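Here is what each chain is made of, one letter per residue.
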Amino acid sequence: MPAESEIILHHYDASPFSEKVRLMFGLKAMAWRSVIQPTIMPKPDLVPLTGGYRRIPVLQIGADIFCDTQVILAEIERRSPGADDLAGPGFAVNFWADRLFFQVTVPVIFGQLGDKVPRAFIEDREKLSGRPFDVAAMQAAPFRCASSSAPRLPGSTRRSPAATSWPARRPGWPTSPPI
Ligand SMILES: N[C@@H](CCC(=O)N[C@@H](CS)C(=O)NCC(=O)O)C(=O)O
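Calculation criteria
Residues numbered from 1 in each chain as written. Predicted model: local features only at pLDDT ≥ 70, side-chain atom pairs only at ≥ 80, totals over all residues. Axes fitted to C-alpha atoms, helices over the stretch in contact; angles between N-to-C directions. Helix = DSSP H or I, 4+ residues; strand = E, 2+ residues; numbered from the N terminus. Parallel < 35°, antiparallel > 145°, perpendicular 65-115°, else oblique. Contact = placed C-beta atoms within 7 Å. Nonpolar A, V, L, I, M, F, W, Y, C, P; charged D, E, K, R; others polar. Pairing = 2+ DSSP bridges. Near = placed C-beta within 6 Å.

Viewed as axis vectors pointing N to C, helix 1 (residues 16-27) and helix 3 (residues 69-79) meet at an angle of 5 degrees, and their least axial separation amounts to 10 Å. For the element pair helix 1 / helix 3, the angle class is roughly parallel. Of the residues in helix 3, those in contact with Phe-17, Lys-20, Val-21 and Met-24 of helix 1 are Thr-69, Ile-72, Leu-73 and Ile-76. Taken together, the residues of the contact of helix 1 with helix 3 break down into 6 nonpolar, 1 polar and 1 charged.

Let us now look at the pairing of strand 3 (residues 58-61). With 4 bridges joining them, strand 1 (residues 7-11) and strand 3 adopt antiparallel strand pairing. Across the sheet, residue Ile-8 finds its bridge partner in strand 3, namely Gln-60. Strand direction decides the pairing type here: strand 3 and strand 4 (residues 64-67), joined by 4 bridges, are antiparallel. Bridge pairing in strand 4 places Val-58 opposite Cys-67. The turn joining strand 3 and strand 4, which pair antiparallel and follow one another in sequence, is formed by 2 residues; a positive phi near 60 degrees is taken by Gly-62.

Around the ligand, the surrounding shell holds 12 residues, and the nearest of these are Ser-15, Phe-17, Arg-55, Ile-56 and Thr-69. When the residues that make up the shell around the ligand are grouped by side-chain class, the tally is 5 nonpolar, 3 polar and 4 charged.

Quick look at the structure:
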């Protein structure tokens, strides 16, 4: 394949947004090359390439750079059109996964990790979001527990005031993706 049409994904393993792109490559049986980027700043190879954008994933095809998963998926679809998974219900699921699902899972995961979350990662995400990355608050979140006495998530039939107050009343909790 000529270098100018090679598909290069800049990503890292633990990125759920990247996983969507990796899965789409697999579903469409597309060949791609991988560049693993750091999970925190500095990102000396990525940021000059994107002109300042630091988030992951980034798609590179020749001199074209695609930032943001939705833009990347649209370009993949354009190059390898198939059943229109990105429209209609597929779009709705994508939108839900990127926003509500992602925002809920982040504190659940980091709450579980607790003390194992590296200090440098916390500081990086605080700089990125401009808000505290409060692992202790995430650990204290009631719906992190799997026990039967744990309050249910919003939307379930038995609601507790603690669960329904999420996320706005929890200090330090993200209202947009912190990672
Ligand atoms: N809107 C972006 C969000 C991507 C995003 O937030 N990715 C996370 C990793 S899953 C990230 O870049 N975190 C900060 C970083 O790695 O510097 C997209 O849909 O691609």
